[in-house]
Amino acid sequence: MAGPVVYRTRRSVLRMAALAAAASIIAPSLSRADAKAVEAEIKKLYDGKTMAEGRVKLDVPQIAENGLVVPITVDVESPMTEQNYVKAVHVFADGNPLPGVFTFRFSPLSGRASASTRMRLAQTQNIVAVAEMSDGTLFTTKAEVKVTIGGCGG
């Protein structure tokens, strides 16, 4: 035996579609990280340790025409020896839904503390990189990427 038949009027279908469209526009803007979210994430990882500027180079375009595929390269100055090497580089974005974007892990066998990838940026925002050294010291840098209208939200 079949269940009850539900009839929907054209108006109710259009109303539901309008609500779904509004939610898809509003929801992403409500769930974006900001500079405070990035700071909180870094504090959670490093419990307020002091960070120094320098040694980290973040290569990102100043203007990204397509926010879906923004190239990023992170280089850290380090001899990469058993006694002195880069353990990890954490990259954060203050305009994406989650502040932590990705982490690269290194060892002395890596030879160089350098990595490249592509990331998605929903809007113009700051990219922050934090390098964690084998002795516990931290180095950081920041760069702004402007996402144009051809991207995913400009």
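Position numbers for residues start from 1 in each chain and track the written sequence from start to end. Only residues with pLDDT of 70 or above have their local features reported here, since the model is predicted, and side-chain atom pairs are shown and tallied only from 80 upward, although totals for entire chains, interfaces and linings are computed over all residues. In computing side-chain values, all of the structure's heavy atoms are included and hydrogens and water are not.

Participant: How do you make sense of the overall build of the protein chain when you look at a structure like this?
Facilitator: A count of helical and extended segments in the protein chain gives two helices and nine strands. Classification of residues uses two cut-offs on accessible area relative to the type maximum, computed with a 1.4 Å probe and protein chains only: under 20% is buried, over 50% is exposed, and between them is partly exposed. Going through the 154 residues of the protein chain one by one, you find that 35% of them count as buried. Residue contacts are counted whenever heavy atoms from the two residues lie within 4.5 Å of one another. Taking all contacts inside the protein chain whose residues are at least 6 apart in sequence as the whole, residues at least 24 apart take part in 63%. Note on conventions: DSSP H or I runs of at least 4 residues are helices, E runs of at least 2 residues are strands, and numbering of each starts at the N terminus.

Participant: When you look at the pattern of salt bridges in this model, what are you seeing that I'm missing?
Facilitator: Pairing is possible between side chains that carry opposite charge, provided their charged atoms lie close to one another. The working definition used for a salt bridge is a side-chain nitrogen of Lys or Arg within 4 Å of a carboxyl oxygen of Asp or Glu. Applying the stated rule across the entire model yields four salt bridges. Residue Glu132 is joined to Lys87 by a salt bridge in which the shortest nitrogen-to-oxygen separation is 3.7 Å. Remark: Lys87 occurs in strand β5 (residues 86-93) and Glu132 occurs in strand β8 (residues 125-133); sequence separation between them is 45 residues. Exposure remark for Lys87: the relative accessible area of 35% places this residue in the partly exposed category. Close ionic contact of Lys146 with Glu144 constitutes a salt bridge, the shortest N to O distance being 3.8 Å.

Participant: Looking at this structure, how should I read the confidence of the model for the protein chain?
Facilitator: As a note on interpretation, predicted positions should not be read in detail where pLDDT is low. Looking at any residue, its pLDDT shows the predictor's confidence there, from 0 to 100. Chain-level statistics for the protein chain give a pLDDT mean of 85 and a share of 82% at 70 or above. Confidence scores differ between elements of the protein chain, with helix α1 (residues 10-30) showing the lowest mean pLDDT of 62 and strand β2 (residues 56-59) the highest of 97.

Participant: Help me out: how do you make sense of the sheet that holds strand β7 (residues 113-119) in this one?
Facilitator: Backbone-to-backbone hydrogen bonds join strands into a sheet, with any given pair of strands oriented parallel or antiparallel. What the three strands build is an open sheet, ordered β2-β4-β7; its pairing is antiparallel. Whereas interior strands pair on both sides, the edge strands pair on one side only; in this sheet they are β2 and β7. Across this sheet, the average inter-strand angle for adjacent strands is 15 degrees, counted without regard to direction. By the convention used here, strands pair only if DSSP detects at least 2 bridges between them. When β2 meets strand β4 (residues 70-76), the two strands line up antiparallel, connected through four bridges. In the sheet register, Asp59 faces β4, and the bridge partner there is Thr73. Fitted lines through C-alpha atoms serve as axes, helices being fitted only where they are in contact, and the angles separating the N-to-C directions of these axes extend from 0 to 180 degrees.

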